[in-house]
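Results of the structural survey
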Amino acid sequence: MFEELGQKVSPLTLFESKRCVNVCAPMVRYSKLPFRELVRGYDVDLCYTPMILSADFAASKYARDSELTTNIKDTPLVIQFAAKNSKELSDAAELVAKYVSGIDINCGCPQKWAINEGIGARLMEKPEFVRDMVRAVKSRVGTEVTCSVKIRVHADLRQVTKNKSLLETVSFVQQVESTGLDFIAVHGRTRRQRSSEPVNLDAIKLVKETVSIPVIANGDVFSVEDAQRIQSYTGVDGVMSARGILENPALFSGHKRTPWACVEKFVRLSLDYGNNFFIFHHHLIYMLEKVMSNAESKAFNTLTNTPAVLDYLEEHYGLKLY
Ligand SMILES: Cc1cc2nc3c(=O)[nH]c(=O)nc-3n(C[C@H](O)[C@H](O)[C@H](O)COP(=O)(O)O)c2cc1C
């Protein structure tokens, strides 16, 4: 699961020292060690792991070994748990505390299985559960490790006067903040909204105005200009990207599309750390989507193993591994 321990950086130090913290979002399958090391080289300040089920993590060494690989350079790192029970969550948090800078509770996953399980976005209906979880984590991991939540918003701001939905978001964050939460990431969409719908920046701004802890804005950051615009509109302390950084891991450094050096670095990191083929290939498909022609994408996307991918990249782009 882990390598040696280094000096951990706290997200709170980042929020104190930077006007706007650049964040790589939690992404199931994708925000793993090779990708985190890659984006940290392109001005990402803070990384999240993919969502991990706290019950499995607490119960099984196998789950811990397969779900989390980290090392001395991988800091600050926030591990994101899906949890519905403060005992399982705080057990998992205690096991991992010395390897990470923060524990995050997923309150935004909109998938049906998660809602049925009572985790993810279902927790937005249960602020008292989230409060218990934050308290339990804080009491088990102490002040060295932060505790945060990643939420969605309840409904469109335009309805706020008629519909109490956004007031629910306000009430939720107020209740959870009062338990000693350290910071909060807000994906400005409701659980039913698709990512093709625009992110609700007014809702994020409202959360920022409501709480006194740092707030990270999430949604539709595809370029450094998007990040700056969102930060200045909402006044948040950090901006988080998911789909944008998958497409272009160098976006926070101001690159308009994935530079070739970034692709090459990703290939090397993946080979060094070991990455399963599906994930390795899909990362490259995302990164090269805007670089390749349609015909090239078609051929590249059908490759089925690592040697074939390496050959393709060498032949078409002059990939150099070392
Ligand atoms: C492939 C993928 C995997 C994701 N996995 C997670 C996850 O594990 N935990 C989480 O809180 N959100 C997850 N999300 C949601 C993102 O973190 C983010 O909230 C959402 O995509 C909106 O940001 P964006 O507009 O920058 O993509 C995932 C999104 C994508 C595209």
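What comes next concerns the included structure.

Analysis parameters
Residues numbered from 1 in each chain as written. Predicted model: local features only at pLDDT ≥ 70, side-chain atom pairs only at ≥ 80, totals over all residues. Heavy atoms only, no water. Helix = DSSP H or I, 4+ residues; strand = E, 2+ residues; numbered from the N terminus. Pairing = 2+ DSSP bridges. Axes fitted to C-alpha atoms, helices over the stretch in contact; angles between N-to-C directions. Contact = heavy atoms within 4.5 Å.

**A few points about unusual backbone geometry**
A cis geometry characterises the amide bond from Thr-75 onward to Pro-76, with omega recorded as 0°. One can find Pro-76 in the loop between helix 4 (61–67) and strand 3 (77–82). The phi torsion at Arg-29 lies on the positive side, around 75°, for a residue other than glycine. Relative to the elements of secondary structure, Arg-29 occurs in the loop between strand 1 (21–24) and helix 2 (33–40). Despite not being glycine, Asp-220 shows a phi value in the positive range, around 60°. Among the secondary structure elements, Asp-220 is positioned in the loop between strand 7 (215–218) and helix 10 (224–234).

**Section: the sheet that holds strand 3**
One closed barrel holds the 8 strands; their spatial order is 1-2-3-4-5-6-7-8, and the pairing between them is parallel. Across the sheet, the mean angle separating the axes of adjacent strands is 25° when strand polarity is ignored. As paired strands, strand 3 and strand 4 (residues 102–107) are joined by 4 bridges and run parallel to one another. Of the residues in strand 4, the one forming a bridge with Val-78 is Gly-102. Strands in contact with helix 2 are strand 1, strand 2 (46–53) and strand 3; relative to strand 2, the strand with the most contacts, it is inclined by about 160°.

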